[in-house]
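Summary of the model geometry
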Amino acid sequence: MPTSFQRMQEQTQKLIKSLVDMSGLDENLVSNLIVYAKQLPKSDAPNEIDELVFVSQMLKQFNFTSPSMVSLMFGAIRSSKSSFATIEEFCKLLIVFMCSNLDLKIQFVFKVYDLNGDGELSFSELYHFLRPCVIMNDSEDVDTEEAVRELVEIVLKVTDIDENGAIDLNEFRRLVKSNVLYLQLLGPCLPTESYLQHFQHVLSTHNESEIRQIFGHERQFAMEKDTKLKYYPIRLELP
């Protein structure tokens, strides 16, 4: 009968194969990605990455600037209603970041934007994301709310093929494949190329022991008092 250590090794190898098959990325890079992810949970819950640590890593490793968007990303990767992401869920997100599969990126971004999880981007969801794009003006002649509504209507006119007042995944996919710049139309939830390349370079040029050393204090970093004050609390005003 295999020991618990052997079972863990078998599970890790199975996850490596699954992620390699999913992404086409190098097996050594994927293996080191898992080693990195395993530095993030607390010792008594080795498969659980909590939101504070997740947000901390997204801002630190990938230079995301909106904790509220990162919080939505955290919700999008979780397959259950638990308060944490698993190692596998976290690794799959980073695989989406690093791989060249546009369909995987489209599915992830759409899921982030789909605030209520109904498979459509409604008028209210578009309004929520596009409102910050409208420059506030102190002039009484400018109706900010009306300007946002007009912007949403423009987006729907371009994307809503069946004219039902919402954008489904197929419509979003068609839009992105016509112009990849539309991929993050409602806000950035994929990292910039420079930070992604740096992160991927670290994973590709070090062995497992070195990866543990490089990232071994990331959970402690997230738990520091200054980090908590900087990133939390997050307040989302959802439609």
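Residues numbered from 1 in each chain as written. Predicted model: local features only at pLDDT ≥ 70, side-chain atom pairs only at ≥ 80, totals over all residues. Heavy atoms only, no water.

UniProt annotation of "domain: EF-hand" (unreviewed entry) refers to residues 101-136 and 147-182 when read in the numbering used here. As annotated, residues 147-182 comprises 64% helix and 6% strand, and the C-alpha atoms at either end are separated by 20 Å. (UniProt positions renumbered as here; feature names shortened; annotations may be inferred. Helix = DSSP H or I, 4+ residues; strand = E, 2+ residues; numbered from the N terminus.)

Next up on the list: the side chain of Q61. Within the secondary structure, Q61 is located in helix α3 (residues 51-62). Residues within four places of Q61 in sequence aside, it is in contact with Y36, Y195, F199, F215 and E218. (Contact = heavy atoms within 4.5 Å.)

Under the criterion given, the structure shown has 13 aromatic pairs. Between F54 and F90, the aromatic rings sit 6.1 Å apart at their centres with planes inclined by 80°, giving edge-to-face as the arrangement. Separated by 36 residues along the polypeptide, F54 in helix α3 and F90 in helix α5 (residues 87-98) bring together distant segments of the chain. When sorted by exposure, F54 lands in the same class as F90, which is buried. Where F97 meets F108, the ring centres are 6.4 Å apart and the plane angle is 75°; that geometry is what we call edge-to-face. With F97 in helix α5 and F108 in helix α6 (residues 102-113), this residue pair connects regions lying eleven residues apart in the sequence. For the residue pair F97 and F108, the accessibility class agrees, reading buried in each case. (Phe/Tyr/Trp six-rings, centres within 6.5 Å; stacked < 30°, edge-to-face > 60°. Buried < 20%, exposed > 50% of the residue type's maximum accessible area, 1.4 Å probe, protein only.)

On to the confidence of the model for the protein chain. In regions of low pLDDT, the predicted coordinates are not meant to be interpreted in detail. Averaged over the protein chain, the pLDDT score is 87; the fraction of residues at 70 or greater is 89%. Confidence drops under a pLDDT of 50 for residues 231-239, and excluding neighbours within four residues, the segment shows 21 contacts in the predicted structure. (pLDDT = per-residue confidence, 0-100.)

Further remarks concern α6. Here α6 spans 16 Å end to end across twelve residues, near enough to the 16 Å set by a 1.5 Å rise per residue. When we look at burial in α6, the residues that qualify are L104, K105, I106, F108, V109, F110, V112 and Y113. (Expected span 1.5 Å × (residues − 1).)

This next bit is on the pattern of salt bridges. Scanning all chains against the criterion turns up nine salt bridges. As a salt-bridge pair, R131 and E145 come within 2.3 Å of each other at their nearest N and O atoms. Here E145 lies in helix α8 (residues 144-159) and R131 lies in the loop between α7 (123-130) and α8, a separation of 14 residues in the sequence. Taking relative accessible area as the criterion, R131 reaches 29% and is therefore assigned partly exposed. Close ionic contact of R149 with E146 constitutes a salt bridge, the shortest N to O distance being 2.8 Å. (Salt bridge = Lys/Arg side-chain N within 4 Å of Asp/Glu carboxyl O.)

Core analysis: the largest hydrophobic core is formed by 68 residues, its most contacted members being F54, M58, M73, L94, F97 and F108. Per-element tally for this core: the top contributor is α5, with nine residues. Setting aside residues no more than four positions away along its own chain, M73 makes contact with F54, M58, F64, F97, F108, V112 and C189. (Core = buried A, V, L, I, M, F, W, Y, C linked by side-chain atoms within 4.5 Å.)

Where α5 meets α6, the axes come as close as 9 Å, and the angle between the chain directions of the two elements is 125°. Taken as axis vectors, α5 and α6 run oblique relative to one another. For α5 against α6, the interelement crossing comes out left-handed. Seen from α5, the contacting residues are L93, V96 and F97; seen from α6, they are L104, K105 and F108. Per-class residue counts for the contact of α5 with α6 are five nonpolar, no polar and one charged. (Axes fitted to C-alpha atoms, helices over the stretch in contact; angles between N-to-C directions. Parallel < 35°, antiparallel > 145°, perpendicular 65-115°, else oblique. Left-handed = near helix turned anticlockwise from the far one by under 90°. Nonpolar A, V, L, I, M, F, W, Y, C, P; charged D, E, K, R; others polar.)

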